[in-house]
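This is what each chain is made of:
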Amino acid sequence: MKDGITIAVSKGRILAESLPLLARAGVRLLDDPDTTRKLILPTNQAGVRLIVIRAADVPTYVLNGGADLGIAGKDVLMECDSDNLYEPLDLKIARCRLMLARPQDATTMTGRLRVATKYVMTTRNFFAERGQQVEIIKLYGSMELAPVLGLSDLIVDLVNTGNTLKENGLVALENIADISSRLIVNKAAMKMKQEMIKPFIKRLAEAIPQ
Ligand code: ATP
Ligand code: PRP
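Note that residues are indexed from 1 along each chain, following the sequence as it is written. To read the labels, note that chains go from A and ligands from 1, taken in the order they are written. Given that this is a predicted model, residues contribute local features only at a pLDDT of at least 70 and side-chain atom pairs are listed and counted only at 80 or more, while totals for whole chains, interfaces and linings are drawn from all residues. Only hydrogens and water are set aside; all other atoms, that is, all heavy atoms of the structure, feed into the side-chain values.

Side chains that differ in charge, positive against negative, can pair when their charged atoms come close. The working definition used for a salt bridge is a side-chain nitrogen of Lys or Arg within 4 Å of a carboxyl oxygen of Asp or Glu. The final tally for this structure, using the stated rule, is 8 salt bridges. In this structure, D68 engages K193 in a salt bridge whose closest nitrogen and oxygen atoms are separated by 3.2 Å. Placement of D68 in the loop between α2 (57-63) and β4 (69-73) and of K193 in the loop between α7 (187-192) and α8 (194-207) is noted, with a sequence separation of 125 residues between them. Like K193, D68 is buried. For E87, the salt bridge identified is with K74, shortest N-O distance 3.0 Å. Secondary structure counts use DSSP, requiring at least four H or I residues in a row for a helix and at least two E residues in a row for a strand, with both numbered from the N terminus. Here the term buried applies to any residue with accessible area under 20% of the maximum for its type, exposed to any over 50%, and partly exposed to those in between, with areas from a 1.4 Å probe on protein chains only.

Shown next, in the form of structure tokens:
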């Protein structure tokens, strides 16, 4: 949209953790995001609106200019063409780690290993850097189930408390990346709408807890 700025936010935990940050930066939703069916959410600032969408759709909207700014997890950004986006702020919310994990009782693994993950690009790069050939099995969620049911030898997934791994008999092997949510900005919008975007970035930066 030409007038004002549109901010795309991942629904779920990132939205929940973003709203207090946005409020500290002076942006408050006019509707309750849990009950409204609106897809474009107006805010107390006439020129600022939010769209609340699936995590993986946030960079797509921002890259294509459907949204000027976005809030997305680094895990999602590592999977897309984020060289074409500005990433001015680490918002330090929705923090977790992207980890390689295996079943606790796995015997020695030999041959070409099967790795189940939603993070295909990152997993491919991780094993390529080690010169290790693996078969990657793309899943869309509940990765912890894959080794339990014999679909894979390993998984690459997000870990926070470690409870999901533990409750499914898995153990972490390696930390692939530290994850948190980032503010992303469309490059053209940063030029064309800098008088709105730059002060917003400054206010949001001041709102990040130290
Ligand atoms: P979708 O429903 O669109 O597939 P999703 O299930 O990945 O998305 P969430 O689980 O809310 O949605 O995750 C959104 C983002 O939150 C992730 O991209 C990641 O950055 C972060 N995240 C996911 N799991 C955790 C966690 N356990 N602790 C902290 N942050 C997390
Ligand atoms: C995420 C992630 C792990 C879990 C890790 O899933 O995919 O399964 O959190 O968190 P923990 O280490 O604190 O247990 P989420 O809760 O978002 O559910 P999902 O599978 O529906 O995405």
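So much for the structure itself; the text now carries on.
Ordered in space as β8-β7-β9-β6-β10, the 5 strands form an open sheet in which the pairing is mixed. The sheet is open, and its two edges are formed by β8 (134-138) and β10 (170-179), each paired on a single side. Averaged over all adjacent pairs, the angle separating strand axes in this sheet is 30 degrees, with direction ignored. Strands are treated as partners if at least two bridges between them are detected by DSSP. Here strand β6 (residues 96-103) pairs with β10 via 8 bridges, running antiparallel. Residue pairing for β10: M99 is matched across the bridge by N175. Angles shown run from 0 to 180 degrees and are taken between the N-to-C directions of axes, each axis being a line fitted to C-alpha atoms and, for helices, limited to the stretch in contact.

Turning to a nonpolar patch on the surface, a few remarks are in order. For patch detection, residues must exceed 30% relative accessible area and be free of salt bridges, and they are connected within 9 Å for like charges or within 5 Å for nonpolar side chains (Val, Leu, Ile, Met, Phe, Trp, Tyr). Per-residue and other accessible areas follow the Shrake-Rupley method at a 1.4 Å probe size, with only the shown protein chains counted as cover for residues. Where nonpolar side chains cluster on the molecular surface, the patch consists of L145, V148 and L149 and spans about 310 Å² of accessible area. Relative to the elements of secondary structure, L145 occurs in helix α5 (residues 145-148). Classification of L145 as partly exposed rests on a relative accessible area of 46%.

A few words now on the sheet that holds strand β3 (residues 48-53). Taken together, the 6 strands give an open sheet; going across it, the order is β2-β3-β1-β4-β11-β5, and neighbouring strands pair in mixed fashion. Of all strands in the sheet, those bounded by a partner on one side alone are β2 (40-42) and β5 (85-90). Between one strand axis and the next, the sheet turns through 30 degrees on average, direction left out of account. Relative to β3, β2 runs antiparallel, the two sharing 3 bridges. Within β3, the residue paired with I40 across the bridge is I51. Whether two residues are in contact is decided by their heavy atoms, any of which lying within 4.5 Å being enough. Strands in contact with helix α1 (residues 13-24) are β1 (5-10), β3, β4 and β11 (181-186); relative to β1, the strand with the most contacts, it is inclined by about 140 degrees. Set on the sheet, α8 makes contact with β1, β3, β4, β5 and β11; between it and β11 the angle comes to about 170 degrees.

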